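Here are the chains, one letter per residue:
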Amino acid sequence: MEQFIRGTCEDMCPKSEIDLRIRERLVHFFETDSGAGRTRVPAPSRMVKEFSRSAADRRQPKAWEIRTPRALQESLYYLLTIVLTDTRRPFHQRYEFIFDRMRAIRQEVVIQNLSGAEALPILEPIVRFLCLSAYRLCESPISEFDPKICAQHLQECLKKVLRCREELSKSQKRTAPYRFEMERLYLAFNLGSPEATQWVINRHGTTVPELQPLLGAQLECQRGNYFGAMRRMWVFTPLEAAVASLQLPTFRRRLLQQFSVAFQSRVQTVPLEWLETVLHYDGYERTFLPDDCRHYNLQLVPLAGATGGGVGDRAWAVKFEKAQFDAQRSMIPPRKCRSIEDALERCGDISEILLCEFYG
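What counts as what
Residues numbered from 1 in each chain as written. Predicted model: local features only at pLDDT ≥ 70, side-chain atom pairs only at ≥ 80, totals over all residues. Heavy atoms only, no water. Helix = DSSP H or I, 4+ residues; strand = E, 2+ residues; numbered from the N terminus. Expected span 1.5 Å × (residues − 1). Buried < 20%, exposed > 50% of the residue type's maximum accessible area, 1.4 Å probe, protein only. Contact = heavy atoms within 4.5 Å. Axes fitted to C-alpha atoms, helices over the stretch in contact; angles between N-to-C directions. Parallel < 35°, antiparallel > 145°, perpendicular 65-115°, else oblique. Left-handed = near helix turned anticlockwise from the far one by under 90°. Nonpolar A, V, L, I, M, F, W, Y, C, P; charged D, E, K, R; others polar. Salt bridge = Lys/Arg side-chain N within 4 Å of Asp/Glu carboxyl O. Pairing = 2+ DSSP bridges.

Caption draft 1: Spatial organisation of helix H11 (residues 248-262). Its 15 residues place the ends of H11 20 Å apart at the C-alpha level, agreeing with the 21 Å of an ideal helix rising 1.5 Å per residue. Every buried residue of H11 is listed here: Leu248, Pro249, Thr250, Phe251, Arg252, Arg253, Leu255, Leu256, Phe259 and Ser260. Of the surrounding elements, those touching the buried residues of H11 are helix H8 (212-222), helix H9 (226-233), helix H10 (238-244) and helix H12 (272-278).

Laid out in C-alpha coordinates, this is it:
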(Lines give C-alpha, C1' and ligand atoms only; values in the text may rest on other atoms or scores of the structure.)
Protein backbone atom coordinates (compact mmCIF):
# COMPACT_ATOMS: atom_id res chain seq x y z
CA MET A 1 0.00 0.00 0.00
CA GLU A 2 1.35 3.42 -0.97
CA GLN A 3 2.43 5.56 1.96
CA PHE A 4 1.78 9.29 1.89
CA ILE A 5 3.78 11.90 3.79
CA ARG A 6 1.96 13.87 6.45
CA GLY A 7 3.40 17.35 6.74
CA THR A 8 4.47 18.82 10.07
CA CYS A 9 5.62 22.32 9.01
CA GLU A 10 3.39 24.97 10.60
CA ASP A 11 4.92 27.94 8.76
CA MET A 12 4.21 29.34 5.31
CA CYS A 13 7.72 28.37 4.24
CA PRO A 14 10.06 25.74 5.75
CA LYS A 15 13.12 27.17 7.47
CA SER A 16 15.49 25.24 5.19
CA GLU A 17 14.02 26.94 2.12
CA ILE A 18 14.04 30.35 3.80
CA ASP A 19 17.75 30.02 4.59
CA LEU A 20 18.56 28.75 1.08
CA ARG A 21 16.68 31.45 -0.78
CA ILE A 22 18.05 34.26 1.39
CA ARG A 23 21.57 32.92 0.90
CA GLU A 24 21.11 32.58 -2.87
CA ARG A 25 19.27 35.91 -3.15
CA LEU A 26 16.11 34.28 -4.49
CA VAL A 27 13.70 36.28 -2.33
CA HIS A 28 10.77 37.74 -4.26
CA PHE A 29 9.71 41.39 -3.98
CA PHE A 30 6.55 40.37 -2.10
CA GLU A 31 8.71 38.52 0.44
CA THR A 32 10.71 41.57 1.48
CA ASP A 33 10.12 44.08 4.26
CA SER A 34 7.59 46.58 2.88
CA GLY A 35 8.85 49.24 5.30
CA ALA A 36 12.51 49.02 4.32
CA GLY A 37 12.32 51.69 1.61
CA ARG A 38 14.32 51.01 -1.52
CA THR A 39 16.48 48.41 0.20
CA ARG A 40 14.87 45.02 -0.27
CA VAL A 41 15.40 43.30 3.06
CA PRO A 42 14.18 39.67 3.17
CA ALA A 43 11.31 39.17 5.62
CA PRO A 44 11.10 35.49 6.65
CA SER A 45 7.59 36.02 8.03
CA ARG A 46 6.42 37.07 4.53
CA MET A 47 8.08 34.22 2.64
CA VAL A 48 5.83 31.55 1.10
CA LYS A 49 7.09 28.21 -0.18
CA GLU A 50 7.72 28.38 -3.91
CA PHE A 51 6.77 25.73 -6.44
CA SER A 52 9.39 23.16 -7.36
CA ARG A 53 8.86 20.56 -10.07
CA SER A 54 9.00 16.92 -9.09
CA ALA A 55 11.82 14.96 -10.69
CA ALA A 56 12.94 11.33 -10.64
CA ASP A 57 16.39 12.20 -9.30
CA ARG A 58 15.10 14.34 -6.43
CA ARG A 59 14.90 12.94 -2.93
CA GLN A 60 11.55 12.47 -1.30
CA PRO A 61 10.62 15.53 0.80
CA LYS A 62 10.76 15.20 4.57
CA ALA A 63 7.74 15.70 6.79
CA TRP A 64 9.12 18.97 8.19
CA GLU A 65 9.38 20.35 4.64
CA ILE A 66 5.67 19.79 3.98
CA ARG A 67 3.06 22.14 5.43
CA THR A 68 0.13 20.91 7.47
CA PRO A 69 -3.40 21.53 6.15
CA ARG A 70 -3.72 24.42 8.62
CA ALA A 71 -0.45 25.97 7.37
CA LEU A 72 -1.62 25.55 3.76
CA GLN A 73 -4.83 27.42 4.57
CA GLU A 74 -2.89 30.15 6.36
CA SER A 75 -0.57 30.51 3.35
CA LEU A 76 -3.57 30.79 1.05
CA TYR A 77 -5.24 33.33 3.32
CA TYR A 78 -2.04 35.41 3.36
CA LEU A 79 -1.71 35.33 -0.44
CA LEU A 80 -5.30 36.43 -1.05
CA THR A 81 -5.53 39.10 1.64
CA ILE A 82 -2.04 40.63 1.80
CA VAL A 83 -0.29 39.97 -1.52
CA LEU A 84 -3.36 40.27 -3.75
CA THR A 85 -4.22 43.68 -2.29
CA ASP A 86 -0.62 44.99 -2.44
CA THR A 87 -0.94 47.69 -5.10
CA ARG A 88 2.78 48.45 -5.19
CA ARG A 89 2.92 46.13 -8.18
CA PRO A 90 0.46 45.72 -11.10
CA PHE A 91 -2.05 42.89 -10.99
CA HIS A 92 -0.21 40.67 -13.44
CA GLN A 93 2.88 40.62 -11.20
CA ARG A 94 0.76 39.81 -8.15
CA TYR A 95 -0.91 37.06 -10.15
CA GLU A 96 2.44 35.58 -11.21
CA PHE A 97 3.67 35.37 -7.61
CA ILE A 98 0.38 34.04 -6.20
CA PHE A 99 0.00 31.53 -9.05
CA ASP A 100 3.44 30.02 -8.34
CA ARG A 101 2.81 29.78 -4.58
CA MET A 102 -0.61 28.25 -5.20
CA ARG A 103 0.99 25.58 -7.37
CA ALA A 104 3.17 24.66 -4.40
CA ILE A 105 0.09 24.51 -2.18
CA ARG A 106 -1.74 22.25 -4.63
CA GLN A 107 1.36 20.07 -4.93
CA GLU A 108 1.39 19.49 -1.17
CA VAL A 109 -2.32 18.67 -1.19
CA VAL A 110 -1.46 15.84 -3.62
CA ILE A 111 1.70 14.73 -1.80
CA GLN A 112 -0.26 14.31 1.43
CA ASN A 113 -3.32 12.83 -0.31
CA LEU A 114 -5.55 15.12 1.76
CA SER A 115 -9.15 14.07 2.18
CA GLY A 116 -11.94 15.98 0.50
CA ALA A 117 -12.84 17.73 3.76
CA GLU A 118 -9.24 18.95 4.13
CA ALA A 119 -8.66 19.77 0.45
CA LEU A 120 -11.83 21.73 -0.36
CA PRO A 121 -11.17 24.77 1.87
CA ILE A 122 -7.79 25.03 0.12
CA LEU A 123 -8.78 24.33 -3.48
CA GLU A 124 -12.03 26.31 -3.71
CA PRO A 125 -10.41 29.75 -3.14
CA ILE A 126 -7.76 28.78 -5.72
CA VAL A 127 -10.53 28.09 -8.25
CA ARG A 128 -12.11 31.48 -7.57
CA PHE A 129 -8.75 33.25 -7.88
CA LEU A 130 -7.97 31.59 -11.21
CA CYS A 131 -11.46 32.47 -12.52
CA LEU A 132 -10.99 36.11 -11.55
CA SER A 133 -7.45 36.27 -12.96
CA ALA A 134 -8.41 34.63 -16.27
CA TYR A 135 -10.95 37.41 -16.77
CA ARG A 136 -9.02 40.34 -15.32
CA LEU A 137 -5.88 39.59 -17.36
CA CYS A 138 -7.64 38.56 -20.60
CA GLU A 139 -6.45 41.70 -22.39
CA SER A 140 -2.82 41.39 -21.21
CA PRO A 141 -0.01 40.59 -23.67
CA ILE A 142 1.40 37.07 -23.64
CA SER A 143 4.57 38.38 -21.98
CA GLU A 144 2.50 39.21 -18.90
CA PHE A 145 -0.13 36.47 -18.89
CA ASP A 146 -0.55 33.11 -20.62
CA PRO A 147 -4.29 32.34 -20.82
CA LYS A 148 -3.72 28.71 -21.89
CA ILE A 149 -1.66 27.88 -18.81
CA CYS A 150 -4.18 29.59 -16.55
CA ALA A 151 -7.06 27.73 -18.23
CA GLN A 152 -5.28 24.40 -17.92
CA HIS A 153 -4.72 24.83 -14.18
CA LEU A 154 -8.23 26.15 -13.63
CA GLN A 155 -9.71 23.10 -15.36
CA GLU A 156 -7.56 20.75 -13.27
CA CYS A 157 -8.56 22.50 -10.04
CA LEU A 158 -12.24 22.49 -10.91
CA LYS A 159 -12.24 18.77 -11.67
CA LYS A 160 -10.34 18.00 -8.46
CA VAL A 161 -12.84 20.06 -6.44
CA LEU A 162 -15.80 18.31 -8.06
CA ARG A 163 -14.27 14.91 -7.28
CA CYS A 164 -13.78 15.96 -3.64
CA ARG A 165 -17.37 17.16 -3.43
CA GLU A 166 -18.61 13.90 -4.88
CA GLU A 167 -16.54 11.98 -2.35
CA LEU A 168 -17.97 13.99 0.53
CA SER A 169 -21.54 13.80 -0.70
CA LYS A 170 -21.32 10.00 -0.62
CA SER A 171 -20.12 10.04 2.97
CA GLN A 172 -22.54 12.88 3.83
CA LYS A 173 -19.86 14.69 5.80
CA ARG A 174 -20.27 18.09 4.19
CA THR A 175 -23.26 20.42 3.94
CA ALA A 176 -21.73 23.59 2.54
CA PRO A 177 -23.69 26.80 2.03
CA TYR A 178 -21.99 27.03 -1.38
CA ARG A 179 -23.09 23.55 -2.42
CA PHE A 180 -23.48 24.21 -6.14
CA GLU A 181 -21.02 27.09 -6.52
CA MET A 182 -18.22 24.98 -8.00
CA GLU A 183 -20.58 23.15 -10.36
CA ARG A 184 -21.81 26.54 -11.58
CA LEU A 185 -18.26 27.81 -12.11
CA TYR A 186 -17.41 24.57 -13.92
CA LEU A 187 -20.33 25.10 -16.29
CA ALA A 188 -19.53 28.80 -16.75
CA PHE A 189 -15.88 28.12 -17.56
CA ASN A 190 -16.86 25.31 -19.94
CA LEU A 191 -19.80 27.12 -21.50
CA GLY A 192 -20.61 25.32 -24.76
CA SER A 193 -18.96 22.04 -23.72
CA PRO A 194 -21.24 18.98 -24.14
CA GLU A 195 -19.00 16.97 -21.79
CA ALA A 196 -19.36 19.45 -18.92
CA THR A 197 -23.11 19.64 -19.47
CA GLN A 198 -23.50 15.86 -19.47
CA TRP A 199 -21.37 15.47 -16.33
CA VAL A 200 -23.50 17.90 -14.34
CA ILE A 201 -26.77 16.42 -15.61
CA ASN A 202 -25.62 12.88 -14.74
CA ARG A 203 -24.55 14.06 -11.30
CA HIS A 204 -27.44 16.36 -10.35
CA GLY A 205 -30.17 15.98 -12.96
CA THR A 206 -31.89 18.89 -14.67
CA THR A 207 -34.26 20.12 -11.95
CA VAL A 208 -31.88 21.72 -9.44
CA PRO A 209 -32.94 25.41 -9.31
CA GLU A 210 -29.40 26.63 -8.54
CA LEU A 211 -28.10 25.11 -11.78
CA GLN A 212 -30.92 26.17 -14.10
CA PRO A 213 -29.35 29.41 -15.47
CA LEU A 214 -26.09 27.63 -16.33
CA LEU A 215 -27.73 24.53 -17.75
CA GLY A 216 -30.09 26.71 -19.78
CA ALA A 217 -27.13 28.52 -21.34
CA GLN A 218 -25.41 25.20 -22.04
CA LEU A 219 -28.46 23.82 -23.79
CA GLU A 220 -28.77 26.97 -25.91
CA CYS A 221 -25.19 26.33 -27.07
CA GLN A 222 -26.06 22.74 -27.98
CA ARG A 223 -28.92 24.09 -30.13
CA GLY A 224 -26.60 26.55 -31.84
CA ASN A 225 -28.48 29.48 -30.29
CA TYR A 226 -25.45 31.48 -29.18
CA PHE A 227 -27.49 34.66 -28.88
CA GLY A 228 -29.67 32.92 -26.30
CA ALA A 229 -26.59 31.64 -24.44
CA MET A 230 -25.07 35.12 -24.28
CA ARG A 231 -28.36 36.63 -23.12
CA ARG A 232 -28.57 34.15 -20.23
CA MET A 233 -24.98 34.97 -19.26
CA TRP A 234 -25.99 38.32 -17.81
CA VAL A 235 -28.02 36.70 -15.02
CA PHE A 236 -25.02 34.73 -13.75
CA THR A 237 -23.23 35.81 -10.59
CA PRO A 238 -20.41 38.32 -11.30
CA LEU A 239 -17.62 35.72 -11.07
CA GLU A 240 -19.55 33.25 -13.23
CA ALA A 241 -20.28 35.94 -15.82
CA ALA A 242 -16.62 36.99 -15.79
CA VAL A 243 -15.28 33.52 -16.59
CA ALA A 244 -18.13 32.77 -19.02
CA SER A 245 -17.41 35.98 -20.94
CA LEU A 246 -14.13 34.43 -22.09
CA GLN A 247 -16.29 32.43 -24.53
CA LEU A 248 -17.82 35.54 -26.12
CA PRO A 249 -15.30 35.71 -29.01
CA THR A 250 -16.15 32.10 -29.93
CA PHE A 251 -19.91 32.71 -29.85
CA ARG A 252 -19.63 35.96 -31.81
CA ARG A 253 -17.53 34.32 -34.49
CA ARG A 254 -20.05 31.50 -34.88
CA LEU A 255 -22.95 33.97 -35.08
CA LEU A 256 -21.18 36.06 -37.73
CA GLN A 257 -20.56 32.90 -39.73
CA GLN A 258 -24.23 31.95 -39.40
CA PHE A 259 -25.27 35.47 -40.48
CA SER A 260 -22.99 35.19 -43.53
CA VAL A 261 -25.31 32.44 -44.74
CA ALA A 262 -28.66 33.62 -43.37
CA PHE A 263 -28.32 37.28 -44.42
CA GLN A 264 -26.44 36.81 -47.69
CA SER A 265 -27.72 39.30 -50.23
CA ARG A 266 -26.44 41.34 -53.14
CA VAL A 267 -28.29 44.45 -52.04
CA GLN A 268 -29.42 44.05 -48.41
CA THR A 269 -27.21 45.00 -45.45
CA VAL A 270 -27.42 44.65 -41.67
CA PRO A 271 -27.00 47.79 -39.49
CA LEU A 272 -23.96 47.79 -37.25
CA GLU A 273 -26.10 49.05 -34.37
CA TRP A 274 -28.26 45.90 -34.58
CA LEU A 275 -25.17 43.71 -34.53
CA GLU A 276 -23.99 45.48 -31.37
CA THR A 277 -27.13 44.34 -29.59
CA VAL A 278 -27.24 40.80 -30.96
CA LEU A 279 -23.54 40.15 -30.34
CA HIS A 280 -23.65 41.82 -26.89
CA TYR A 281 -20.94 44.40 -27.53
CA ASP A 282 -20.91 46.24 -24.24
CA GLY A 283 -19.68 49.75 -23.40
CA TYR A 284 -16.33 50.69 -24.92
CA GLU A 285 -16.27 47.33 -26.73
CA ARG A 286 -18.62 48.79 -29.34
CA THR A 287 -15.73 50.70 -30.85
CA PHE A 288 -14.08 47.39 -31.76
CA LEU A 289 -17.02 45.96 -33.71
CA PRO A 290 -16.08 47.44 -37.14
CA ASP A 291 -12.53 46.09 -36.87
CA ASP A 292 -13.83 42.73 -35.63
CA CYS A 293 -16.03 42.48 -38.72
CA ARG A 294 -13.11 43.30 -40.97
CA HIS A 295 -11.01 40.70 -39.12
CA TYR A 296 -13.31 38.02 -40.57
CA ASN A 297 -13.30 39.72 -43.97
CA LEU A 298 -16.83 41.13 -43.68
CA GLN A 299 -17.53 44.20 -45.80
CA LEU A 300 -18.63 47.46 -44.13
CA VAL A 301 -20.71 49.88 -46.18
CA PRO A 302 -22.32 53.23 -45.29
CA LEU A 303 -25.80 52.78 -43.88
CA ALA A 304 -28.48 53.89 -46.34
CA GLY A 305 -29.74 57.36 -45.48
CA ALA A 306 -26.92 58.12 -43.01
CA THR A 307 -24.99 61.36 -43.35
CA GLY A 308 -21.43 62.07 -42.32
CA GLY A 309 -19.82 59.94 -39.65
CA GLY A 310 -16.81 57.72 -39.74
CA VAL A 311 -15.85 54.18 -38.99
CA GLY A 312 -16.25 54.70 -35.25
CA ASP A 313 -19.93 55.64 -35.31
CA ARG A 314 -23.05 53.62 -36.05
CA ALA A 315 -23.72 54.98 -39.52
CA TRP A 316 -22.46 51.76 -41.04
CA ALA A 317 -23.87 48.41 -42.07
CA VAL A 318 -22.41 44.98 -42.79
CA LYS A 319 -22.84 43.24 -46.12
CA PHE A 320 -22.84 39.51 -45.50
CA GLU A 321 -21.56 37.09 -48.13
CA LYS A 322 -21.04 33.40 -47.41
CA ALA A 323 -17.99 33.11 -49.66
CA GLN A 324 -16.30 36.15 -48.11
CA PHE A 325 -16.34 35.07 -44.44
CA ASP A 326 -12.81 33.99 -43.50
CA ALA A 327 -13.21 31.05 -41.11
CA GLN A 328 -9.44 30.52 -41.06
CA ARG A 329 -8.67 33.76 -39.28
CA SER A 330 -7.43 33.51 -35.69
CA MET A 331 -9.91 34.02 -32.87
CA ILE A 332 -10.24 37.57 -31.53
CA PRO A 333 -8.98 37.60 -27.91
CA PRO A 334 -11.53 38.17 -25.10
CA ARG A 335 -12.08 41.65 -23.69
CA LYS A 336 -13.41 42.95 -20.41
CA CYS A 337 -17.09 43.88 -20.28
CA ARG A 338 -18.24 47.09 -18.63
CA SER A 339 -21.30 45.48 -17.02
CA ILE A 340 -19.18 42.68 -15.52
CA GLU A 341 -16.60 45.19 -14.29
CA ASP A 342 -19.35 47.16 -12.57
CA ALA A 343 -20.83 44.02 -11.03
CA LEU A 344 -17.45 42.92 -9.64
CA GLU A 345 -16.89 46.42 -8.30
CA ARG A 346 -20.21 46.32 -6.45
CA CYS A 347 -19.19 43.06 -4.77
CA GLY A 348 -16.79 45.00 -2.57
CA ASP A 349 -13.76 43.36 -0.96
CA ILE A 350 -12.31 41.00 -3.56
CA SER A 351 -10.45 38.99 -0.91
CA GLU A 352 -13.72 38.27 0.85
CA ILE A 353 -15.23 37.03 -2.43
CA LEU A 354 -12.35 34.63 -3.00
CA LEU A 355 -12.22 33.46 0.61
CA CYS A 356 -15.96 33.44 1.31
CA GLU A 357 -15.87 30.26 3.41
CA PHE A 358 -13.00 31.63 5.50
CA TYR A 359 -15.28 34.47 6.51
CA GLY A 360 -18.38 32.29 6.87
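Read on for the rest.
Caption draft 2: Highlighting the packing of H9 against H11. Where H9 contacts H11, the axes come no closer than 9 Å and their chain directions differ by 150 degrees. One way to sum up the angle between H9 and H11 is to call them roughly antiparallel. Both H9 and H11 take part in a crossing whose hand is left-handed. Contacts between H9 and H11 involve Tyr226, Phe227, Ala229, Met230 and Met233 from the former and Leu248, Phe251, Arg252, Arg254, Leu255 and Gln258 from the latter. Looking at side-chain class alone, the contact of H9 with H11 contains eight nonpolar, one polar and two charged residues.

Caption draft 3: Representation of the pattern of salt bridges. Under the counting rule described, the total for this entry stands at 25 salt bridges. For the salt bridge of Glu17 with Arg21, the shortest nitrogen-to-oxygen distance reads 3.0 Å. Of this pair, Glu17 and Arg21 both sit in helix H1 (residues 15-23), four residues apart, roughly one helical turn. A relative accessible area of 14% means that Glu17 is categorised as buried. Looking at Arg21, the relative accessible area reads 1%, which means it is buried. With its nearest N and O atoms 3.4 Å apart, the salt bridge here joins Arg223 to Glu220. Look at Arg223 and you get exposed, because its relative accessible area is 60%. Connected via shared salt-bridge partners are Glu17, Arg21, Glu31, Glu50, Asp100 and Arg101.

Caption draft 4: Spatial organisation of the side chain of Gln107. Its place among the elements puts Gln107 in helix H3 (residues 91-111). For Gln107, a relative accessible area of 19% gives the class buried. What Gln107 contacts, discounting residues up to four positions off in sequence, is Phe51, Ser52, Arg53 and Ser54.

Caption draft 5: Molecular detail of the pairing of strand S3 (residues 316-319). Sheet topology places strand S1 (residues 270-271) next to S3; two bridges connect them, and they run antiparallel. Considered in S3, the bridge of Pro271 is made with Ala317. In this sheet, S3 lies alongside strand S2 (residues 299-302) in antiparallel orientation, the contact comprising four bridges. Bridge assignment links Leu300 to a residue of S3, and that residue is Val318.

Keep in mind these numbers describe shape, not what the thing actually does.
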